[in-house]
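Structure at a glance
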Amino acid sequence: MKIAFLIVFLVLLISGCVQEQSVQSKFDISFDYPKEIKCNMPFSVKVKMTNNIDHSIKNVVVAVEDLSSMDIKSIECEQGKKTSNECSLSQIEQGDERIVIFTFMPPKDFCMSGNGVTIVPRISVSYDSLDESSISVPIYTQNLKIGSISSDYTNGPVKAEIKLSSNNEGISPNEVVVSTINFISDETSDVIIKGNNIKIKLVNFEIYDNQACDFTNLGDFKVNYNPPLFCSLKAGNKPGEYAKISVEYSYNYKIYKDIEISSKSEI
């Protein structure tokens, strides 16, 4: 039975009903730093984070992963806690902005070899996000149409992309459809979502075939690499109402930034 649903999904993919969508996280991170620095002169890297996601972001850690033979002179950690190489923030509320500034001292031999020498410190930003994706489908009859299929998600860096083997108008009462959920991200990453951190909720839908449904026995999923979750669903006999699939999922996300800086002539 599962093979049959895989075939259905492939048919949808080829026909264009299922298209890959890019994911644009609204937790904005920018890095401001000089491209060239003078010998034996400290310089700073400013990390600016703005949370435009539809919820707060928790357990934010901005850390220097690789010093590239440098020393950290100071860390400005606005409203957070700092250690020798990182700044941690318990959370950043929706609409808030935080800035972390690392001040470095270049290595002593940075300019001994002449101009053009490059150092590449690495900075990481990690945080926990709790996101939700959903798709709403009108249940209609020939004489009753109330809208079209719509979807929504909370604009985090990982999206649960929900698809249905149905047209854009909706579904009929008691209609059986194939649903897929695919976890995708805007970057190639090693994000793993634990199965016990995924909650799938059905409204005016019921599982049609337990043997052809991944929704009830969730394992761990590697974002961008694991195959989609499949399930056969049956719509309720409720024309004029909406059937809905929603998935809530929490995870830790981490990005890296290599800061490439060259020595600057003293002349």
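The structure reproduced in this document is the subject of the present report.

Criteria and cut-off values
- Residues numbered from 1 in each chain as written.
- Predicted model: local features only at pLDDT ≥ 70, side-chain atom pairs only at ≥ 80, totals over all residues.
- Heavy atoms only, no water.
- Pairing = 2+ DSSP bridges.
- Helix = DSSP H or I, 4+ residues; strand = E, 2+ residues; numbered from the N terminus.
- Axes fitted to C-alpha atoms, helices over the stretch in contact; angles between N-to-C directions.
- Phe/Tyr/Trp six-rings, centres within 6.5 Å; stacked < 30°, edge-to-face > 60°.
- Lys NZ or Arg CZ within 6 Å of the ring centre and 35° of its normal.
- Salt bridge = Lys/Arg side-chain N within 4 Å of Asp/Glu carboxyl O.
- Buried < 20%, exposed > 50% of the residue type's maximum accessible area, 1.4 Å probe, protein only.
- Patch = residues over 30% accessible without salt bridge, like charges linked within 9 Å, V, L, I, M, F, W, Y side chains within 5 Å.
- Areas by Shrake-Rupley, 256 points an atom, 1.4 Å probe, with all protein chains shown as cover.
- Disulfide = S-S within 2.5 Å.
- Core = buried A, V, L, I, M, F, W, Y, C linked by side-chain atoms within 4.5 Å.
- Contact = heavy atoms within 4.5 Å.
- Polar contact = N/O pair within 3.5 Å; in protein donor to acceptor, adjacent residues only side chain to side chain.

**Some thoughts on the sheet that holds strand 16 (residues 205-207)**
With antiparallel pairing, four strands are arranged side by side in an open sheet as 12-13-18-16. Of all strands in the sheet, those bounded by a partner on one side alone are strand 12 (158-164) and strand 16. The mean inter-strand angle of the sheet, taken between neighbouring strand axes irrespective of direction, is 35°. Here strand 16 runs beside strand 18 (residues 229-235); their pairing, made up of three bridges, is antiparallel. Looking at the pairing, Glu206 lines up with Lys234 of strand 18.

**Examining the packing of aromatic side chains**
In the structure shown here, the tally under the stated rule is seven aromatic pairs. For the pair Phe27 and Tyr127, a centre-to-centre distance of 4.5 Å together with 45° between the ring planes defines the contact as tilted. Of the two residues, Phe27 sits in strand 1 (residues 27-32) while Tyr127 sits in strand 10 (residues 122-138), which places them 100 residues apart along the sequence. Cluster of aromatic residues (ring-pair linked, three or more members): Phe183, Phe221, Tyr249 and Tyr251. Sitting over the ring of Tyr33, Lys35 keeps its end group 4.5 Å from the ring centre. The ring of Tyr225 has Lys222 sitting right over it, with the charged end atom 5.1 Å from the ring centre.

**Here we look at the pattern of salt bridges**
Inspection of every chain in the model, using the stated rule, returns four salt bridges. Residue Glu65 is joined to Lys254 by a salt bridge in which the shortest nitrogen-to-oxygen separation is 3.2 Å. Within this pair, whereas Glu65 is found in strand 4 (residues 57-66), its partner Lys254 is found in strand 19 (residues 242-258), the two being separated by 189 residues in sequence. By relative accessible area, Glu65 is classed as partly exposed at 40%. In this structure, the salt-bridge partner of Arg122 is Asp258, at a minimum N-O distance of 2.8 Å. Pair noted here: Arg122 is in strand 10 and Asp258 is in strand 19, with a separation of 136 residues, a long-range link. Using a relative accessible area of 32% as the deciding quantity, one classes Arg122 as partly exposed.

**Topic: a nonpolar patch on the surface**
A cluster of nonpolar residues, Leu144, Ile146 and Tyr242, forms a patch on the protein surface that exposes about 220 Å² of accessible area. Among the structural elements, Ile146 can be located in the loop between strand 10 and strand 11 (150-153).

**Things to note about the state of the cysteines**
If you walk through the whole model with that rule in mind, you get two disulfides. With a sulfur-sulfur separation of 2.0 Å, Cys213 is cross-linked through a disulfide to Cys231. Between Cys213 and Cys231, the S-S dihedral sits near -95°, and the bridge is therefore left-handed. Of the two residues, Cys213 is situated in the loop between strand 16 and strand 17 (221-222) and Cys231 in strand 18; the sequence distance between them amounts to 18 residues. Taking the relative accessible area as the measure of exposure, Cys213 reaches 9% and is therefore buried. Cys231 gets classed as buried once you look at its relative accessible area, which sits at 0%.

**A look at the nonpolar core**
In terms of nonpolar packing, the biggest core is built from 58 residues, with Met49, Val62, Phe102, Phe183, Ile193, Phe205 and Tyr249 touching the most fellow members. With seven residues, the single largest contributor to this core is strand 19. If we skip the residues at most four places from it in the chain, Tyr249 touches Ser129, Leu130, Asp131, Glu132, Ser133, Val158, Lys159, Ala160, Phe183, Ile193, Asn197 and Ile198.

**A closer look at the pairing of strand 19**
Of the strand pairs in this sheet, strand 10 and strand 19 are connected by 17 bridges, and their pairing is antiparallel. By the bridge assignment, Tyr127 is partnered in strand 19 with Tyr253.

**Focus: the side chain of Asn204**
Note that Asn204 resides in the loop between strand 15 (198-203) and strand 16. A polar side-chain atom of Asn204 sits 3.1 Å from a polar atom in the side chain of Glu241. When neighbours within four sequence positions are excluded, Asn204 is seen to be in contact with Ile139, Lys234, Ala235, Gly236, Lys238, Glu241, Tyr242 and Ala243.

**Here we look at unusual backbone geometry**
Residue Ser69 is not a glycine yet carries a positive backbone phi of 70°. In this structure, Ser69 sits in the loop between strand 4 and strand 5 (71-77). According to the relative accessible area criterion, Ser69 is exposed, its value standing at 65%. A positive phi is found at Asn174, a non-glycine position, where the angle reads about 70°. With respect to the secondary-structure elements, Asn174 resides in the loop between strand 12 and strand 13 (176-185).

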